[in-house]
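Notes for the structure review
Here's the letter readout for the chains.
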Amino acid sequence: MSTHEDLQQLVDSGVIAVLRGVEREDVVDVADALIEGGVTTLEVTADTPGAIDSIGDLADRYEDRDDVLVGAGTVLDAETARAALLAGAEFVVSPSTHEDVIETCNRYGAVVAPGVATPTEAVEAYQAGADVLKLFPASDLGPSYLSSVKGPLGQVPIVPTGGVGPDNAGEFIEAGAVAVGAGGSLIDDEAIAAGEFEALTENAEELVAAVEDAKQSAE
Ligand SMILES: O=C(O)C(=O)C[C@H](O)[C@H](O)COP(=O)(O)O
């Protein structure tokens, strides 16, 4: 798929699941459970040991699923971005803005979502070639902050991430977010350790419902 189609799919999916600290041996079960709950955009963070292998596992597993997007998160340098892309990542997320990461993703035609927290950072990242911006840490900034940023920067697609869950996701969508990113509200380490992956499916269903309700009422 083209960068544009991947971006559209990411936006349409409404939720990016952030898989941080999920062991490679669990990553497929976690991903399957989230997908069953309707979360089809999956970001494996690069600070997790074995992350590049996990990205490869997921890219292989969902190779024939056009509705699933696999990406890399917490990408802080071009080397990590390139390794993730070669393993099959279709998008790259960072908590901060790194021009070398943006350049690498642009070069290989992958969606890139750098992290920003201010209007100046947003404009600089967008000008540098970002496709979508991750507003981080979103829950500390809040939906009204996003709404204020979107005032003059309505053209910039923003995905708030950090502390986002079913209780506040709808408010962020109503404030102008194109989708939300969520880790802690989806990933339950105790449930994973116990092999109770259906808990993750339930978390995914709850978050997707909150986002879809808000998208519908915003239309
Ligand atoms: O470093 C990154 O690229 C990140 O994605 C930072 C955070 O891990 C996410 O913002 C998820 O935050 P929670 O939903 O609060 O768990």
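Values in this document were obtained by computation on a predicted structure and should not be read as measured data.

1. Re a negative patch on the surface
A cluster of acidic residues, E36, D167, E171, E174, E196, E198, E202, E205 and E206, forms a negative patch at the surface. Listed by contribution, the elements that provide at least two residues to the negative patch are α9 (169–174) and α11 (198–218). At 4 residues, the largest contribution of residues to the negative patch is made by α11.

2. Focus: the pattern of salt bridges
Pairs can form between side chains of opposite charge once their charged atoms are near each other. On inspection of all chains with the given rule, the structure shows 5 salt bridges. Where R24 meets D53, a salt bridge forms, and the shortest distance between an N and an O atom there is 3.6 Å. Of this pair, R24 sits in helix α2 (residues 24–36) while D53 sits in helix α3 (residues 51–61); the two residues are 29 residues apart in sequence, bridging distant segments of the chain. In this structure R24 comes out as partly exposed when scored by relative accessible area, which is 41%. R61 is paired through a salt bridge with D32; the nearest N and O atoms lie 2.6 Å apart.

3. Thoughts on the nonpolar core
One recurring pattern in soluble globular proteins is that nonpolar side chains are buried together. By size, the foremost hydrophobic cluster in this structure holds 62 residues, and its most contacted members are L19, V30, L34, L42, L186 and I187. Residues in contact with L19, not counting those within four places in the same chain, are V27, V30, L34, E43, V44, T45, T48 and I187. Counting 13 residues, the second-largest nonpolar core is a separate cluster that includes L7, I16, L69 and V93.

4. Brief notes about the confidence of the model for the chain
Taken over all residues, the pLDDT of the chain has a mean of 97, while the share at 70 or more is 100%. For this predicted complex, the interface confidence score (ipTM) comes to 0.93, while the overall pTM stands at 0.97.

5. Section: the site of the ligand
Among the 14 residues in the neighbourhood of the ligand, the closest are listed as R20, K134, G163, G183 and G184. With respect to the ligand, the backbone of G163 contributes an N or O atom lying 2.7 Å from an oxygen atom. Burial of the ligand by the protein amounts to 82% of the accessible area it has alone, namely 410 Å². When the residues that make up the shell around the ligand are grouped by side-chain class, the tally is 4 nonpolar, 7 polar and 3 charged.

Procedures and definitions
- Residues numbered from 1 in each chain as written.
- Predicted model: local features only at pLDDT ≥ 70, side-chain atom pairs only at ≥ 80, totals over all residues.
- Heavy atoms only, no water.
- Patch = residues over 30% accessible without salt bridge, like charges linked within 9 Å, V, L, I, M, F, W, Y side chains within 5 Å.
- Areas by Shrake-Rupley, 256 points an atom, 1.4 Å probe, with all protein chains shown as cover.
- Salt bridge = Lys/Arg side-chain N within 4 Å of Asp/Glu carboxyl O.
- Lys, Arg positive; Asp, Glu negative; His and termini not counted.
- Charge placed at Lys NZ, Arg CZ, Asp CG, Glu CD.
- Helix = DSSP H or I, 4+ residues; strand = E, 2+ residues; numbered from the N terminus.
- Buried < 20%, exposed > 50% of the residue type's maximum accessible area, 1.4 Å probe, protein only.
- Core = buried A, V, L, I, M, F, W, Y, C linked by side-chain atoms within 4.5 Å.
- Contact = heavy atoms within 4.5 Å.
- pLDDT = per-residue confidence, 0-100.
- Near = heavy atom within 4 Å.
- Polar contact = N/O pair within 3.5 Å; in protein donor to acceptor, adjacent residues only side chain to side chain.
- Nonpolar A, V, L, I, M, F, W, Y, C, P; charged D, E, K, R; others polar.

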